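The chain contents come next:
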Number of protein chains: 2
Amino acid sequence: MNFLEERIKRDAVVKAGNILKVDNFLNHQMDVSLLDEIGREFFRRFSHKKVTKILTIEASGIAIAYPVAKEFGVPMIFAKKSKSVNIDGEMYVAEVVSYTHKNLNRIIVSKKFITSEDHVLIIDDFLANGCALDGLIAIVKEAGATVAGLGVAIEKGFQVGGKNLREKGYDLQSIAIVDEMNEADGSIVFRTQK
Amino acid sequence: MNFLEERIKRDAVVKAGNILKVDNFLNHQMDVSLLDEIGREFFRRFSHKKVTKILTIEASGIAIAYPVAKEFGVPMIFAKKSKSVNIDGEMYVAEVVSYTHKNLNRIIVSKKFITSEDHVLIIDDFLANGCALDGLIAIVKEAGATVAGLGVAIEKGFQVGGKNLREKGYDLQSIAIVDEMNEADGSIVFRTQK
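All figures in this text were calculated on a predicted structure; none of them were measured in a lab.

Conventions used here
Residues numbered from 1 in each chain as written. Chains lettered and ligands numbered in written order. Predicted model: local features only at pLDDT ≥ 70, side-chain atom pairs only at ≥ 80, totals over all residues. Heavy atoms only, no water. Axes fitted to C-alpha atoms, helices over the stretch in contact; angles between N-to-C directions. Helix = DSSP H or I, 4+ residues; strand = E, 2+ residues; numbered from the N terminus. Parallel < 35°, antiparallel > 145°, perpendicular 65-115°, else oblique. Left-handed = near helix turned anticlockwise from the far one by under 90°. Contact = heavy atoms within 4.5 Å. Nonpolar A, V, L, I, M, F, W, Y, C, P; charged D, E, K, R; others polar. Least-squares fit on C-alpha atoms with pLDDT ≥ 70 in both. Salt bridge = Lys/Arg side-chain N within 4 Å of Asp/Glu carboxyl O. Polar contact = N/O pair within 3.5 Å; in protein donor to acceptor, adjacent residues only side chain to side chain. Pairing = 2+ DSSP bridges. Buried < 20%, exposed > 50% of the residue type's maximum accessible area, 1.4 Å probe, protein only.

**Student:** Residue-level account of the packing of helix 3 (residues 61-72) of chain A against helix 3 (residues 61-72) of chain B, with values.
**Tutor:** Interaxial distance between helix 3 of chain A and helix 3 of chain B falls to 9 Å at its minimum, and their mutual angle equals 65°. Relative to helix 3 of chain B, helix 3 of chain A is oriented roughly perpendicular. In this structure, the crossing between helix 3 of chain A and helix 3 of chain B has a hand that is right-handed. Packed against helix 3 of chain A, whose contacting residues are A:Ile62, A:Ala63, A:Tyr66, A:Pro67 and A:Lys70, the element helix 3 of chain B presents B:Ile62, B:Ala63, B:Tyr66, B:Pro67 and B:Lys70 at the interface. Looking at side-chain class alone, the contact of helix 3 of chain A with helix 3 of chain B contains eight nonpolar, no polar and two charged residues.

See below:
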(Lines give C-alpha, C1' and ligand atoms only; values in the text may rest on other atoms or scores of the structure.)
Protein backbone atom coordinates (compact mmCIF):
# COMPACT_ATOMS: atom_id res chain seq x y z
CA MET A 1 0.00 0.00 0.00
CA ASN A 2 1.19 3.52 -0.73
CA PHE A 3 1.04 6.40 1.77
CA LEU A 4 -2.47 7.52 0.76
CA GLU A 5 -3.92 4.01 0.75
CA GLU A 6 -2.49 3.49 4.23
CA ARG A 7 -4.04 6.72 5.45
CA ILE A 8 -7.43 5.83 3.92
CA LYS A 9 -7.26 2.39 5.55
CA ARG A 10 -6.53 4.02 8.90
CA ASP A 11 -8.78 7.08 8.94
CA ALA A 12 -11.48 6.88 6.26
CA VAL A 13 -15.00 5.69 7.06
CA VAL A 14 -17.24 3.82 4.63
CA LYS A 15 -20.80 5.15 4.73
CA ALA A 16 -24.06 4.09 3.10
CA GLY A 17 -24.59 5.24 -0.49
CA ASN A 18 -21.02 4.63 -1.65
CA ILE A 19 -19.69 7.47 0.48
CA LEU A 20 -16.05 7.30 1.54
CA LYS A 21 -15.72 9.82 4.33
CA VAL A 22 -12.23 11.37 4.47
CA ASP A 23 -13.22 14.58 6.20
CA ASN A 24 -10.65 14.20 8.97
CA PHE A 25 -7.63 14.49 6.67
CA LEU A 26 -8.63 15.44 3.11
CA ASN A 27 -11.73 17.53 2.59
CA HIS A 28 -12.83 19.31 5.77
CA GLN A 29 -10.00 19.01 8.26
CA MET A 30 -6.82 18.77 6.20
CA ASP A 31 -3.46 17.26 6.96
CA VAL A 32 -1.03 19.53 5.14
CA SER A 33 1.90 17.07 5.43
CA LEU A 34 -0.19 14.46 3.61
CA LEU A 35 -1.19 17.02 0.98
CA ASP A 36 2.47 17.93 0.44
CA GLU A 37 3.19 14.24 -0.11
CA ILE A 38 0.32 14.06 -2.61
CA GLY A 39 1.89 17.03 -4.42
CA ARG A 40 5.26 15.28 -4.64
CA GLU A 41 3.62 12.07 -5.89
CA PHE A 42 1.79 13.88 -8.70
CA PHE A 43 5.02 15.63 -9.64
CA ARG A 44 6.75 12.24 -9.81
CA ARG A 45 3.99 10.89 -12.08
CA PHE A 46 3.72 13.90 -14.39
CA SER A 47 7.17 15.49 -14.33
CA HIS A 48 7.94 14.13 -17.83
CA LYS A 49 5.05 16.21 -19.18
CA LYS A 50 5.06 19.87 -20.12
CA VAL A 51 2.84 21.62 -17.57
CA THR A 52 2.21 25.38 -17.54
CA LYS A 53 -0.90 25.58 -15.33
CA ILE A 54 -2.66 23.53 -12.66
CA LEU A 55 -6.47 23.61 -12.86
CA THR A 56 -8.85 22.41 -10.16
CA ILE A 57 -12.34 23.11 -8.86
CA GLU A 58 -13.37 24.65 -5.57
CA ALA A 59 -13.37 23.92 -2.70
CA SER A 60 -11.36 20.91 -1.52
CA GLY A 61 -9.55 20.60 -4.88
CA ILE A 62 -7.67 23.80 -3.99
CA ALA A 63 -5.76 22.04 -1.20
CA ILE A 64 -4.66 19.25 -3.56
CA ALA A 65 -3.72 21.59 -6.39
CA TYR A 66 -1.67 23.87 -4.11
CA PRO A 67 1.26 21.46 -3.48
CA VAL A 68 1.17 20.28 -7.11
CA ALA A 69 1.49 23.86 -8.37
CA LYS A 70 4.33 24.38 -5.93
CA GLU A 71 6.22 21.30 -7.19
CA PHE A 72 5.82 22.36 -10.83
CA GLY A 73 6.48 26.03 -10.11
CA VAL A 74 3.44 27.14 -12.11
CA PRO A 75 0.24 29.04 -11.22
CA MET A 76 -2.87 27.22 -10.09
CA ILE A 77 -6.39 28.19 -11.08
CA PHE A 78 -9.58 27.03 -9.46
CA ALA A 79 -12.85 26.85 -11.35
CA LYS A 80 -15.65 28.54 -9.44
CA LYS A 81 -19.10 27.11 -9.00
CA SER A 82 -21.57 29.73 -10.11
CA LYS A 83 -25.31 29.78 -9.88
CA SER A 84 -25.56 33.14 -11.60
CA VAL A 85 -27.22 33.23 -14.99
CA ASN A 86 -25.39 36.30 -16.20
CA ILE A 87 -22.00 35.10 -17.29
CA ASP A 88 -20.19 37.68 -19.34
CA GLY A 89 -18.12 36.70 -22.36
CA GLU A 90 -14.89 36.73 -20.40
CA MET A 91 -15.53 33.35 -18.81
CA TYR A 92 -15.20 29.77 -19.94
CA VAL A 93 -18.30 27.92 -18.76
CA ALA A 94 -19.11 24.23 -18.29
CA GLU A 95 -21.95 22.41 -16.57
CA VAL A 96 -21.20 19.82 -13.91
CA VAL A 97 -23.55 17.45 -12.11
CA SER A 98 -22.50 16.94 -8.49
CA TYR A 99 -22.71 13.30 -7.43
CA THR A 100 -22.47 14.19 -3.74
CA HIS A 101 -24.94 17.05 -3.71
CA LYS A 102 -27.25 15.83 -6.49
CA ASN A 103 -27.40 19.19 -8.19
CA LEU A 104 -26.20 20.97 -11.30
CA ASN A 105 -23.39 23.49 -11.04
CA ARG A 106 -22.13 25.83 -13.65
CA ILE A 107 -18.37 26.12 -13.31
CA ILE A 108 -16.49 29.11 -14.65
CA VAL A 109 -12.89 30.11 -15.33
CA SER A 110 -11.79 33.55 -16.44
CA LYS A 111 -10.58 33.42 -20.04
CA LYS A 112 -7.48 35.44 -19.25
CA PHE A 113 -5.97 32.59 -17.22
CA ILE A 114 -5.95 29.79 -19.83
CA THR A 115 -4.78 30.37 -23.39
CA SER A 116 -4.17 28.06 -26.34
CA GLU A 117 -0.47 27.99 -25.39
CA ASP A 118 -1.16 26.32 -22.04
CA HIS A 119 -0.53 22.71 -21.06
CA VAL A 120 -2.93 22.14 -18.20
CA LEU A 121 -2.64 19.48 -15.51
CA ILE A 122 -6.11 18.97 -14.03
CA ILE A 123 -6.21 17.99 -10.34
CA ASP A 124 -9.06 17.00 -8.02
CA ASP A 125 -9.56 15.19 -4.75
CA PHE A 126 -12.17 12.62 -5.86
CA LEU A 127 -13.14 10.86 -9.07
CA ALA A 128 -16.42 8.94 -9.16
CA ASN A 129 -18.54 9.46 -12.26
CA GLY A 130 -16.09 11.95 -13.65
CA CYS A 131 -18.49 14.86 -14.02
CA ALA A 132 -16.17 17.42 -12.44
CA LEU A 133 -13.19 16.31 -14.56
CA ASP A 134 -15.38 16.32 -17.69
CA GLY A 135 -16.29 19.93 -16.93
CA LEU A 136 -12.68 20.95 -16.36
CA ILE A 137 -11.59 19.18 -19.58
CA ALA A 138 -14.35 21.02 -21.46
CA ILE A 139 -12.96 24.32 -20.21
CA VAL A 140 -9.39 23.47 -21.23
CA LYS A 141 -10.64 22.48 -24.70
CA GLU A 142 -12.75 25.62 -25.01
CA ALA A 143 -9.51 27.54 -24.38
CA GLY A 144 -7.79 25.59 -27.17
CA ALA A 145 -5.22 24.46 -24.60
CA THR A 146 -3.73 20.99 -24.09
CA VAL A 147 -4.74 18.60 -21.31
CA ALA A 148 -1.34 17.47 -19.97
CA GLY A 149 -2.95 14.93 -17.66
CA LEU A 150 -5.50 14.27 -14.95
CA GLY A 151 -4.49 13.65 -11.35
CA VAL A 152 -6.91 12.66 -8.60
CA ALA A 153 -6.17 11.67 -5.04
CA ILE A 154 -8.89 9.03 -4.66
CA GLU A 155 -10.70 7.26 -7.49
CA LYS A 156 -13.76 5.15 -6.89
CA GLY A 157 -12.83 2.36 -9.29
CA PHE A 158 -16.28 0.82 -9.12
CA GLN A 159 -17.85 3.89 -10.72
CA VAL A 160 -17.50 4.71 -14.41
CA GLY A 161 -15.50 7.96 -14.40
CA GLY A 162 -11.98 6.53 -14.46
CA LYS A 163 -12.75 3.87 -17.06
CA ASN A 164 -14.39 6.41 -19.40
CA LEU A 165 -11.53 8.89 -19.13
CA ARG A 166 -8.84 6.24 -19.76
CA GLU A 167 -10.77 4.93 -22.76
CA LYS A 168 -10.78 8.46 -24.16
CA GLY A 169 -6.98 8.37 -23.96
CA TYR A 170 -6.33 10.72 -21.07
CA ASP A 171 -3.31 10.13 -18.85
CA LEU A 172 -5.27 9.72 -15.63
CA GLN A 173 -3.27 9.10 -12.48
CA SER A 174 -5.10 8.24 -9.26
CA ILE A 175 -2.96 7.83 -6.17
CA ALA A 176 -5.50 5.48 -4.56
CA ILE A 177 -8.12 3.50 -6.50
CA VAL A 178 -10.86 1.99 -4.35
CA ASP A 179 -12.27 -1.04 -6.18
CA GLU A 180 -14.52 -2.28 -3.39
CA MET A 181 -15.75 -0.95 -0.10
CA ASN A 182 -18.17 -2.40 2.36
CA GLU A 183 -20.22 -0.36 4.79
CA ALA A 184 -21.01 -3.39 6.99
CA ASP A 185 -17.44 -4.19 8.02
CA GLY A 186 -15.70 -1.01 6.83
CA SER A 187 -13.39 -2.95 4.53
CA ILE A 188 -11.74 -1.25 1.54
CA VAL A 189 -10.04 -3.02 -1.37
CA PHE A 190 -7.53 -1.02 -3.44
CA ARG A 191 -6.61 -1.72 -7.05
CA THR A 192 -3.00 -2.85 -7.39
CA GLN A 193 -1.00 -0.20 -9.24
CA LYS A 194 2.49 -0.35 -10.68
CA MET B 1 5.81 48.59 1.15
CA ASN B 2 5.85 44.91 2.07
CA PHE B 3 5.77 42.08 -0.47
CA LEU B 4 1.97 41.85 -0.59
CA GLU B 5 1.45 45.61 -0.87
CA GLU B 6 3.93 45.63 -3.76
CA ARG B 7 2.08 42.83 -5.49
CA ILE B 8 -1.29 44.56 -5.01
CA LYS B 9 0.18 47.79 -6.39
CA ARG B 10 1.47 45.92 -9.43
CA ASP B 11 -1.35 43.48 -10.24
CA ALA B 12 -4.60 44.42 -8.48
CA VAL B 13 -7.33 46.37 -10.26
CA VAL B 14 -9.66 48.81 -8.54
CA LYS B 15 -13.25 48.38 -9.73
CA ALA B 16 -16.50 50.21 -9.10
CA GLY B 17 -18.33 49.34 -5.87
CA ASN B 18 -15.21 49.16 -3.69
CA ILE B 19 -14.04 45.99 -5.43
CA LEU B 20 -10.32 45.27 -5.37
CA LYS B 21 -9.77 42.63 -8.02
CA VAL B 22 -6.89 40.30 -7.16
CA ASP B 23 -8.04 37.35 -9.23
CA ASN B 24 -4.75 37.02 -11.10
CA PHE B 25 -2.72 36.10 -8.02
CA LEU B 26 -4.91 35.54 -4.95
CA ASN B 27 -8.43 34.26 -5.45
CA HIS B 28 -8.92 32.69 -8.87
CA GLN B 29 -5.51 32.22 -10.39
CA MET B 30 -3.12 31.77 -7.49
CA ASP B 31 0.59 32.42 -7.15
CA VAL B 32 1.75 29.69 -4.78
CA SER B 33 5.12 31.38 -4.10
CA LEU B 34 3.28 34.47 -2.90
CA LEU B 35 0.96 32.33 -0.77
CA ASP B 36 3.97 30.60 0.79
CA GLU B 37 5.36 34.02 1.67
CA ILE B 38 2.01 34.97 3.22
CA GLY B 39 2.22 31.78 5.30
CA ARG B 40 5.69 32.69 6.56
CA GLU B 41 4.56 36.24 7.38
CA PHE B 42 1.60 35.02 9.47
CA PHE B 43 3.91 32.60 11.25
CA ARG B 44 6.25 35.48 12.05
CA ARG B 45 3.36 37.53 13.44
CA PHE B 46 1.70 34.75 15.47
CA SER B 47 4.54 32.39 16.39
CA HIS B 48 4.54 33.66 20.00
CA LYS B 49 0.97 32.36 20.36
CA LYS B 50 -0.16 28.84 21.12
CA VAL B 51 -1.88 27.58 17.96
CA THR B 52 -3.34 24.06 17.61
CA LYS B 53 -5.62 24.54 14.56
CA ILE B 54 -5.97 26.85 11.57
CA LEU B 55 -9.56 27.68 10.62
CA THR B 56 -10.67 29.32 7.39
CA ILE B 57 -13.70 29.42 5.09
CA GLU B 58 -14.06 28.03 1.58
CA ALA B 59 -13.02 28.64 -1.12
CA SER B 60 -10.12 31.05 -1.53
CA GLY B 61 -9.36 31.03 2.21
CA ILE B 62 -8.09 27.47 1.80
CA ALA B 63 -5.10 28.61 -0.23
CA ILE B 64 -4.12 31.15 2.46
CA ALA B 65 -4.64 28.75 5.36
CA TYR B 66 -2.60 25.98 3.70
CA PRO B 67 0.85 27.58 4.05
CA VAL B 68 -0.01 28.89 7.53
CA ALA B 69 -0.93 25.38 8.70
CA LYS B 70 2.30 24.12 7.19
CA GLU B 71 4.39 26.71 9.06
CA PHE B 72 2.70 25.92 12.38
CA GLY B 73 2.66 22.15 11.77
CA VAL B 74 -1.03 21.88 12.73
CA PRO B 75 -4.17 20.76 10.86
CA MET B 76 -6.28 23.22 8.92
CA ILE B 77 -10.07 23.15 8.79
CA PHE B 78 -12.26 24.98 6.34
CA ALA B 79 -15.81 25.99 7.19
CA LYS B 80 -18.23 24.94 4.47
CA LYS B 81 -20.95 27.13 3.06
CA SER B 82 -24.18 25.20 3.30
CA LYS B 83 -27.60 26.03 1.98
CA SER B 84 -29.14 22.88 3.41
CA VAL B 85 -31.71 23.30 6.14
CA ASN B 86 -31.11 19.93 7.76
CA ILE B 87 -28.01 20.35 9.86
CA ASP B 88 -27.54 17.49 12.25
CA GLY B 89 -26.28 18.05 15.79
CA GLU B 90 -22.71 17.20 14.84
CA MET B 91 -22.04 20.58 13.27
CA TYR B 92 -21.22 24.03 14.59
CA VAL B 93 -23.29 26.51 12.59
CA ALA B 94 -23.01 30.26 12.04
CA GLU B 95 -24.72 32.63 9.64
CA VAL B 96 -22.63 34.87 7.40
CA VAL B 97 -23.71 37.67 5.08
CA SER B 98 -21.55 37.80 1.97
CA TYR B 99 -20.56 41.32 1.03
CA THR B 100 -19.45 40.28 -2.46
CA HIS B 101 -22.41 38.08 -3.34
CA LYS B 102 -25.08 39.93 -1.32
CA ASN B 103 -26.53 36.76 0.13
CA LEU B 104 -26.76 34.84 3.39
CA ASN B 105 -24.68 31.71 3.89
CA ARG B 106 -24.85 29.24 6.67
CA ILE B 107 -21.32 28.07 7.45
CA ILE B 108 -20.69 24.77 9.18
CA VAL B 109 -17.80 22.98 10.85
CA SER B 110 -17.93 19.42 12.10
CA LYS B 111 -17.84 19.38 15.92
CA LYS B 112 -15.21 16.67 16.02
CA PHE B 113 -12.54 19.00 14.61
CA ILE B 114 -12.63 21.81 17.22
CA THR B 115 -12.73 21.10 20.96
CA SER B 116 -12.49 23.31 24.03
CA GLU B 117 -8.76 22.47 24.22
CA ASP B 118 -8.02 24.12 20.88
CA HIS B 119 -6.29 27.43 20.24
CA VAL B 120 -7.52 28.47 16.82
CA LEU B 121 -5.85 30.88 14.44
CA ILE B 122 -8.49 32.14 12.01
CA ILE B 123 -7.26 32.98 8.52
CA ASP B 124 -8.98 34.53 5.49
CA ASP B 125 -8.04 36.29 2.28
CA PHE B 126 -10.18 39.44 2.67
CA LEU B 127 -11.61 41.50 5.49
CA ALA B 128 -14.22 44.15 4.69
CA ASN B 129 -17.23 44.25 6.99
CA GLY B 130 -15.94 41.30 8.97
CA CYS B 131 -18.97 39.06 8.50
CA ALA B 132 -16.95 35.97 7.59
CA LEU B 133 -14.57 36.44 10.52
CA ASP B 134 -17.52 37.04 12.87
CA GLY B 135 -19.01 33.72 11.75
CA LEU B 136 -15.72 31.86 12.23
CA ILE B 137 -15.25 33.44 15.68
CA ALA B 138 -18.80 32.36 16.62
CA ILE B 139 -17.92 28.79 15.70
CA VAL B 140 -14.71 28.81 17.77
CA LYS B 141 -16.66 30.19 20.74
CA GLU B 142 -19.46 27.66 20.32
CA ALA B 143 -16.74 25.00 20.61
CA GLY B 144 -15.50 26.58 23.84
CA ALA B 145 -12.10 26.99 22.18
CA THR B 146 -9.74 29.99 22.26
CA VAL B 147 -9.29 32.44 19.39
CA ALA B 148 -5.48 32.68 19.16
CA GLY B 149 -5.67 35.44 16.58
CA LEU B 150 -7.08 36.60 13.26
CA GLY B 151 -4.94 36.83 10.14
CA VAL B 152 -6.12 38.27 6.84
CA ALA B 153 -4.17 38.92 3.70
CA ILE B 154 -5.94 42.11 2.62
CA GLU B 155 -8.03 44.36 4.86
CA LYS B 156 -10.19 47.11 3.44
CA GLY B 157 -9.38 49.66 6.12
CA PHE B 158 -12.15 52.01 4.98
CA GLN B 159 -14.80 49.44 5.94
CA VAL B 160 -15.75 48.70 9.53
CA GLY B 161 -14.69 45.07 10.02
CA GLY B 162 -11.10 45.63 11.15
CA LYS B 163 -11.95 48.49 13.50
CA ASN B 164 -14.75 46.50 15.16
CA LEU B 165 -12.62 43.41 15.66
CA ARG B 166 -9.68 45.36 17.13
CA GLU B 167 -12.05 47.21 19.49
CA LYS B 168 -13.30 43.83 20.70
CA GLY B 169 -9.71 43.01 21.64
CA TYR B 170 -8.82 40.46 18.97
CA ASP B 171 -5.22 40.24 17.78
CA LEU B 172 -6.00 40.98 14.14
CA GLN B 173 -3.07 41.00 11.75
CA SER B 174 -3.59 42.15 8.17
CA ILE B 175 -0.62 41.92 5.85
CA ALA B 176 -1.92 44.76 3.66
CA ILE B 177 -4.45 47.36 4.80
CA VAL B 178 -6.00 49.41 1.99
CA ASP B 179 -7.13 52.74 3.42
CA GLU B 180 -8.09 54.38 0.15
CA MET B 181 -8.57 53.26 -3.40
CA ASN B 182 -9.71 55.15 -6.44
CA GLU B 183 -11.37 53.57 -9.43
CA ALA B 184 -10.74 56.61 -11.64
CA ASP B 185 -6.94 56.51 -11.53
CA GLY B 186 -6.45 53.03 -10.00
CA SER B 187 -4.52 54.47 -7.06
CA ILE B 188 -4.30 52.53 -3.78
CA VAL B 189 -3.17 53.96 -0.43
CA PHE B 190 -1.94 51.50 2.21
CA ARG B 191 -1.98 52.11 5.95
CA THR B 192 1.53 52.35 7.40
CA GLN B 193 2.21 49.37 9.66
CA LYS B 194 5.06 48.76 12.11
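Once the structure has been displayed, the description carries forward.
**Student:** Give a detailed account of the relation of the copies chain A and chain B, specifying residues and quantitative values.
**Tutor:** Two copies of a chain can be linked by a rotation about an axis combined with a shift along that same axis. Note on the identical chains: chain A maps onto chain B by a rotation of 180° and an axial translation of 0.0 Å, with an RMSD of 0.0 Å. In short, the pair behaves as if placed about a two-fold rotation axis. Proximity to the rotation axis, assessed at the C-alpha, singles out A:Ala59 in chain A; its C-alpha lies 2.5 Å from the axis. When the interface residues of chain A are mapped onto chain B, 100% of them again lie at the interface, so the same face is used by both copies.

**Student:** Kindly report on the interface of chain A and chain B, identifying the contributing residues and their values.
**Tutor:** Interface size is commonly expressed as the accessible surface area that is lost when the partners come together. Each side of the interface is counted separately: chain A has 30 residues, and chain B has 30 residues. Between B:Lys112 and A:Asp23 there is a salt bridge, and its shortest N-O distance comes to 3.3 Å. Inspection of the chain A/chain B interface yields 14 residue pairs in polar contact (both at pLDDT 80 or more). Contributing elements (two or more residues each) for the side of chain A that touches chain B: strand 3 (29-30), helix 2 (32-46), helix 3, strand 5 (76-82) and strand 7 (103-110) of chain A. Considering each element in turn, the side of chain A that touches chain B owes the most residues, six residues, to helix 3 of chain A. For the side of chain A that touches chain B, the class distribution of residues is 16 nonpolar, six polar and eight charged. Sheet topology note: the strand 3 of chain A/strand 5 (residues 76-82) of chain B ladder contains two bridges and is antiparallel. Bridging from a neighbouring strand, A:Gln29 pairs with B:Ile77 of strand 5 of chain B.

**Student:** Explain the environment of B:Phe46 to me, and be specific about the residues and the numbers.
**Tutor:** Residues and elements named next belong to chain B. Mapped onto the secondary structure, Phe46 falls in helix 2 (residues 32-46). Taking the relative accessible area as the measure of exposure, Phe46 reaches 0% and is therefore buried. Among all residues touching Phe46, those that are not within four sequence positions of it are Phe72, Leu121, Gly149, Leu150, Gly151, Asp171 and Gln173.

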